[in-house]
Amino acid sequence: MTAVASRVRHFVSIADVEADELWTLLDLAARLKTDRSPRRDLAGRSVALVFEKPSLRTRLSFDVGTAQLGGHCVYLSPAEVGLGRRESVSDVARVVGRMADVVVLRVNAHETIEEFARYSEVPVVNGLSDLSHPCQGLADIFTIRERKGPDLHGVTIAYVGDGNNVAHSLMLCAAKTGATLRVATPPGYEPLARFRQLADAAARASGGRIECGTDPRWAVDGADVVYTDVWTSMGQEQEYERRRRAFHGYQVNAQLLAGAKSDAIVLHDLPAHRGEEITDEILDGPQSAVFDQAENRLHTEKALLCWLGARR
Ligand code: CP
Ligand code: NVA
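Model, not experiment: these values are computed from the prediction.

Procedures and definitions
Residues numbered from 1 in each chain as written. Chains lettered and ligands numbered in written order. Predicted model: local features only at pLDDT ≥ 70, side-chain atom pairs only at ≥ 80, totals over all residues. Heavy atoms only, no water. Pairing = 2+ DSSP bridges. Helix = DSSP H or I, 4+ residues; strand = E, 2+ residues; numbered from the N terminus. Axes fitted to C-alpha atoms, helices over the stretch in contact; angles between N-to-C directions. Contact = heavy atoms within 4.5 Å. Polar contact = N/O pair within 3.5 Å; in protein donor to acceptor, adjacent residues only side chain to side chain. Near = heavy atom within 4 Å. Areas by Shrake-Rupley, 256 points an atom, 1.4 Å probe, with all protein chains shown as cover. Nonpolar A, V, L, I, M, F, W, Y, C, P; charged D, E, K, R; others polar. Phe/Tyr/Trp six-rings, centres within 6.5 Å; stacked < 30°, edge-to-face > 60°. Buried < 20%, exposed > 50% of the residue type's maximum accessible area, 1.4 Å probe, protein only. Expected span 1.5 Å × (residues − 1). Arc of directions from axis to C-beta. Parallel < 35°, antiparallel > 145°, perpendicular 65-115°, else oblique. Left-handed = near helix turned anticlockwise from the far one by under 90°.

*Asks:* Could you give an account of the sheet that holds strand 6 (residues 180–184), with specific residues and numbers?
*Replies:* Across the sheet, 5 strands lie side by side as 7-6-5-8-9; this open sheet has parallel pairing. Each edge of the open sheet is held by one strand with a lone partner, namely strand 7 (209–213) and strand 9 (265–268). Averaged over all neighbouring strand pairs, the angle between strand axes comes to 20°, with direction disregarded. Sheet topology note: the strand 5 (residues 156–160)/strand 6 ladder contains 5 bridges and is parallel.

Here you go:
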């Protein structure tokens, strides 16, 4: 089967957008957050959500966001489509593109979304894969700018935990916006080398810095932002016990946070495994910006939909 010659712009990774496009998206999201008047950007258009995994924030933010832009959203649950099982990925891509104007995919394997994008005649948005979570990255960097000012040069972000999909997208966002990011993971759970290389190249261009190590105290020392995510991601449940042991000492708690700046904010993409990677005291405490960060999924994804819609 022949792939579609791509004139279409996809959002499969933060690597798909140039730094100036990222700034455009963030600025548009800020305007959309301030000005809540009804819009018609997606009038007459439909957004399809094809999900292989559960979701609260991603599903809700795209559904509500599409409605607020005057469009219509359709959710297809993990039980329905059977990407690559009931039907080939390429056939699903070609059918969805005949009916919907944008498709948001949440997939087990990143290759699925890459294959889908090769056959899709409409923009494909990555709503989470095992390797990246670029919509989360947008909301994360938006929240950091909101709390720490628009210029991220000199802002230090500490990421403590698993070098996973969320870490990969955060690395690329920080690198493209000139921030400094220190990533502390247990040995064997580092971010993938290819994301490290992409982030290093982007950081060289922006004046940012990405550093990886294994010591959570080193990462958090004097940081402006302390970020963590679950130790066991969706699909890794069989590794739960091994991971709990490996991540011992990587919990974001009062003792660890004491090493950051006194006005540091705490971020978590949610859902949290309370008592594992983060304590209740910190997640619910005065330094937590976690629920603003969750809300910001709505504003940043509306900006993304406007931007992708406008490009068709
Ligand atoms: N953070 C995030 O993507 O949440 P959901 O898995 O609930 O969509
Ligand atoms: N790393 C987590 C993120 C959930 C939003 C996972 O993939 O399950």
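*Asks:* Describe the sheet that holds strand 3 (residues 102–106), naming the residues involved and giving the relevant values.
*Replies:* Reading across the sheet, the 4 strands line up as 2-1-3-4 and stay open at both edges, with parallel pairing between neighbours. Bordering the open sheet on either side are strand 2 (72–76) and strand 4 (124–126), each of which pairs with just one other strand. Direction aside, the axes of adjacent strands within the sheet are offset by 20° on average.

*Asks:* An account of the environment of N253 is requested, with residue identities and associated values reported.
*Replies:* Looking at where N253 falls in the secondary structure, it is placed in the loop between helix 10 (240–246) and helix 11 (254–257). Residues N253 and C212, spaced 41 residues apart in sequence, show a C-alpha to C-alpha distance of 21 Å. Discounting residues that sit within four places of it in the chain, N253 has contacts with T279 and I282. Engagement of the side chain of N253 in a polar contact is seen with the side chain of Q251, the distance being 3.1 Å.

*Asks:* Could you give an account of the site of ligand 2, naming the residues involved and the relevant values?
*Replies:* As a matter of local geometry, ligand 2 sits amid L128, H133, N164, N165, V166, D229, V230, S233, M234, D269 and L270. Within the contact set of ligand 2, a nitrogen atom lies 3.4 Å away from a side-chain nitrogen or oxygen of N164. The separation between a nitrogen atom of ligand 2 and a polar side-chain atom of D229 is 2.7 Å. When ligand 2 is considered free in solution it has 270 Å² of accessible area, and contact with the protein chains removes 94% of it. Looking at the shell around ligand 2, its residues break down into 5 nonpolar, 4 polar and 2 charged.

*Asks:* Kindly report on the packing of aromatic side chains, identifying the contributing residues and their values.
*Replies:* For the coordinates displayed, the defined rule picks out 5 aromatic pairs. Summarising the aromatic geometry, the rings of F51 and Y75 are spaced 5.6 Å apart at their centres and angled 80° between planes, so their arrangement reads as edge-to-face. With a gap of 24 residues between them, F51 in strand 1 (residues 46–51) and Y75 in strand 2 connect regions that are remote in the sequence. Among the residues examined, F51 registers a relative accessible area of 1% and is labelled buried. Given a relative accessible area of 22%, Y75 falls into the partly exposed group. With a centroid separation of 4.9 Å and 55° between ring planes, the pair formed by Y189 and F247 is classed as tilted. Taken together, the residues Y189 in the loop between strand 6 and helix 8 (193–206) and F247 in the loop between helix 10 and helix 11 connect sequence positions 58 residues apart. Residue class for Y189 comes out buried when judged on its relative accessible area of 12%.

*Asks:* Could you give an account of helix 2 (residues 57–68), with specific residues and numbers?
*Replies:* Counted at 1.5 Å a residue, the expected span for helix 2 with its 12 residues is 16 Å, and the 16 Å between its end C-alpha atoms agrees. When helix 2 is considered as a whole, its buried residues turn out to be R57, T58, S61, F62, G65 and T66. For helix 2, the buried positions fall inside an angular range of 140° around the axis, keeping them on one side. Where helix 2 terminates, the next one or two residues include G70, which has phi positive at roughly 85°.

*Asks:* Could you give an account of the site of ligand 1, with specific residues and numbers?
*Replies:* Ligand 1 sits among S55, L56, R57, T58, R106, H133, Q136, D269, L270 and R297. Here an oxygen atom of ligand 1 and a backbone polar atom of L56 are 2.6 Å apart. Within the side chain of R57, an N or O atom sits 2.8 Å from an oxygen atom of ligand 1. About the coverage of ligand 1: the protein hides 96% of its 250 Å² of free accessible area. The residue inventory of the shell around ligand 1, partitioned by class, reads 2 nonpolar, 4 polar and 4 charged.

*Asks:* Quick one: what's the story with the packing of helix 1 (residues 19–34) against helix 6 (residues 134–148), residue by residue and with numbers?
*Replies:* Between helix 1 and helix 6, the shortest axis-to-axis distance is 10 Å and the interhelical angle comes to 70°. It follows that helix 1 is roughly perpendicular to helix 6 by the angle criterion. Crossing angle aside, the handedness with which helix 1 passes helix 6 is right-handed. Contacts between helix 1 and helix 6 involve L22, W23, L25, L26, D27, A29, A30 and K33 from the former and L138, I141, F142, R145 and E146 from the latter. The class makeup of the residues in the contact of helix 1 with helix 6 is 9 nonpolar, no polar and 4 charged.

*Asks:* A description of the environment of A48 should follow, citing residues and the corresponding values.
*Replies:* One can find A48 in strand 1. For A48, a relative accessible area of 6% translates into the label buried. Distance in space between the C-alpha atoms of A48 and V124 is 9.7 Å, their sequence separation being 76 residues. Leaving out residues up to four positions away in the same chain, A48 has contacts with V74, V96, A100, V102, V103 and V104.

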